[in-house]
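# Coordinates in review
The lines below spell out each chain.
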Amino acid sequence: MSKYVSVVYYNALATLLLLPYFLFHRKKRAPITHSLLFRFFLLGLIGSTGQILFLSGVKLSSPTLSSALANLIPIFTFLLAVIVRMETFDVRRSSSQAKALGAVVSVGGAFIVTLYQGPAVLMRTFDHHQLIFSQNPEWIFGGVLLLVVCLLSATWNIAQGATVKEHGEPMTIVFFFTFFITIQSAVFSLVLERNPNAWILKSSIEIVAIVYTAVFGSIFRIAIHTWCLRKKGPVYVAMFKPLGIAIAVFMTVLFLGDTLYLGSVIGSIIIAVGFYSVMWGQMKEMKMDLKNEASQSSGPKTPLIQTSATEEA
């Protein structure tokens, strides 16, 4: 099945599945302005462009390189959030230092998991791999495309976080996101996919794949992603990207019987350290904000006796 066509089909199916919710809840949600609709269009454009560039980058390089470079998303998200002032960063604060250091450490651990395996810890067949590198021009160009995708993903996190703050209905945002990405990816696919037979589904497994991806890959994943962006912000959400690699490594060992390598163990430990460093920084800043709000709400109060005496005078 053509990957370009599959993007169109599963986003279109997700849009159809969300259409009843969108129609039945139109009286309960806030009005959708033209500026908000244009923002939904831009979010879809970022998503569709990112998916097409991602597929092209993987084709020119490799899935391993794409997994490695995807770990730069937390760093890009953190930098963009600081630039647009969605995230506070003060070098003198220990919380900011912990978040910055934790993001770098976590991404470094993810690179170790992806690019270095080392000797087998739980061995099925002994194998030893060093760092993966290629000087092929197509590989380099594919890496450049994947770097652009990482930047687009970080931009999407920031834009989606700002949008959900303004329009606090996640499912409406998800509906318009899948709607616009369907139209935009269809245009891209008509240009990139020249084979008309690619639009014909030939087996039941292709249908199952599209349905599964529409429900869990589009609706469920993006809805949870958007809800978490509203609750915690883009940096918090992006930090789970490297953690997912560590989880995937151990799940493949447990359920698929893959060999566990030393690089995966070391990298996963480093990811966990960096992840909890960022979480510690987030929690400390949250406590500081609560203290500031409490002190501002209490404020200096004039004693009742002094007030009464003033009024009598």
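Above this text you will find the structure in question.
### Some words on the overall build of the chain
Counting secondary structure elements, the chain contains 12 helices and two strands. Here the chain holds 313 residues, and 40% of them are scored as buried. Counted over contacts in the chain with a minimum sequence separation of 6, partners at least 24 positions apart contribute 84%.

### Comments concerning the nonpolar core
Membership of the largest hydrophobic core comes to 28 residues, with the highest contact counts inside it found for Phe40, Trp156, Phe176 and Phe177. Where this core is concerned, the elements lending two or more residues are helix H1 (3-24), helix H2 (34-60), helix H6 (137-166), helix H7 (170-192) and helix H8 (204-232). For this core, the element with the highest residue contribution is H7, accounting for seven residues. What phenylalanine 176 contacts, discounting residues up to four positions off in sequence, is Phe22, Ile32, Leu37 and Phe40.

### Topic: the packing of helix H4 (residues 73-83) against H6
Axis separation between H4 and H6 bottoms out at 8 Å; the angle between their running directions is 50 degrees. One finds that H4 runs oblique with respect to H6. As for the relative orientation of H4 and H6, their crossing is right-handed in sense. Packed against H4, whose contacting residues are Ile73, Phe76, Thr77, Leu80 and Ala81, the element H6 presents Leu147, Cys150, Leu151, Ser153, Ala154, Thr155, Asn157 and Ile158 at the interface. Looking at the contact of H4 with H6 residue by residue, the classes come out as nine nonpolar, four polar and no charged.

### Some points on the packing of aromatic side chains
Counted according to the given criterion, the structure contains 14 aromatic pairs. Seen from their ring centres, tyrosine 9 and tryptophan 199 are 6.0 Å apart, and the 85 degrees between their planes marks the pair as edge-to-face. Taken as a pair, tyrosine 9 in helix H1 and tryptophan 199 in the loop between H7 and H8 lie far apart in primary sequence, 190 residues in all. Accessibility expressed as a relative area gives 22% for tryptophan 199, which makes it partly exposed. When the ring of phenylalanine 41 is compared with that of phenylalanine 180, the centres are 5.5 Å apart and the planes differ by 90 degrees; the resulting orientation is edge-to-face. Residue phenylalanine 41 is located in helix H2, and its partner phenylalanine 180 is located in helix H7; the two are separated by 139 residues in the primary sequence. When its relative accessible area of 12% is taken as the criterion, phenylalanine 180 is described as buried.

### Structural notes on the side chain of serine 189
Topologically, serine 189 is positioned in helix H7. When its relative accessible area of 0% is taken as the criterion, serine 189 is described as buried. For serine 189, the residues in contact, after removing those within four places along its chain, are Tyr4, Val5, Val8 and Trp199.

### Thoughts on H1
An ideal rise of 1.5 Å per residue puts 32 Å on 22 residues; H1 measures up with 33 Å between its terminal C-alpha atoms. In the structure, H1 departs most strongly from a straight axis at leucine 18, where the bend amounts to approximately 35 degrees and where the proline proline 20 lies between one and four residues downstream. Check the buried side of H1 and you find it contacts H2, H7 and H8.

### A look at the environment of isoleucine 207
Looking at where isoleucine 207 falls in the secondary structure, it is placed in helix H8. Placed 198 residues apart in sequence, isoleucine 207 and tyrosine 9 show a C-alpha to C-alpha distance of 9.6 Å.

Rules used in this analysis
- Residues numbered from 1 in each chain as written.
- Predicted model: local features only at pLDDT ≥ 70, side-chain atom pairs only at ≥ 80, totals over all residues.
- Heavy atoms only, no water.
- Helix = DSSP H or I, 4+ residues; strand = E, 2+ residues; numbered from the N terminus.
- Buried < 20%, exposed > 50% of the residue type's maximum accessible area, 1.4 Å probe, protein only.
- Contact = heavy atoms within 4.5 Å.
- Core = buried A, V, L, I, M, F, W, Y, C linked by side-chain atoms within 4.5 Å.
- Axes fitted to C-alpha atoms, helices over the stretch in contact; angles between N-to-C directions.
- Parallel < 35°, antiparallel > 145°, perpendicular 65-115°, else oblique.
- Left-handed = near helix turned anticlockwise from the far one by under 90°.
- Nonpolar A, V, L, I, M, F, W, Y, C, P; charged D, E, K, R; others polar.
- Phe/Tyr/Trp six-rings, centres within 6.5 Å; stacked < 30°, edge-to-face > 60°.
- Expected span 1.5 Å × (residues − 1).
- Bend = angle between axes of the 7 residues up to and from the residue.

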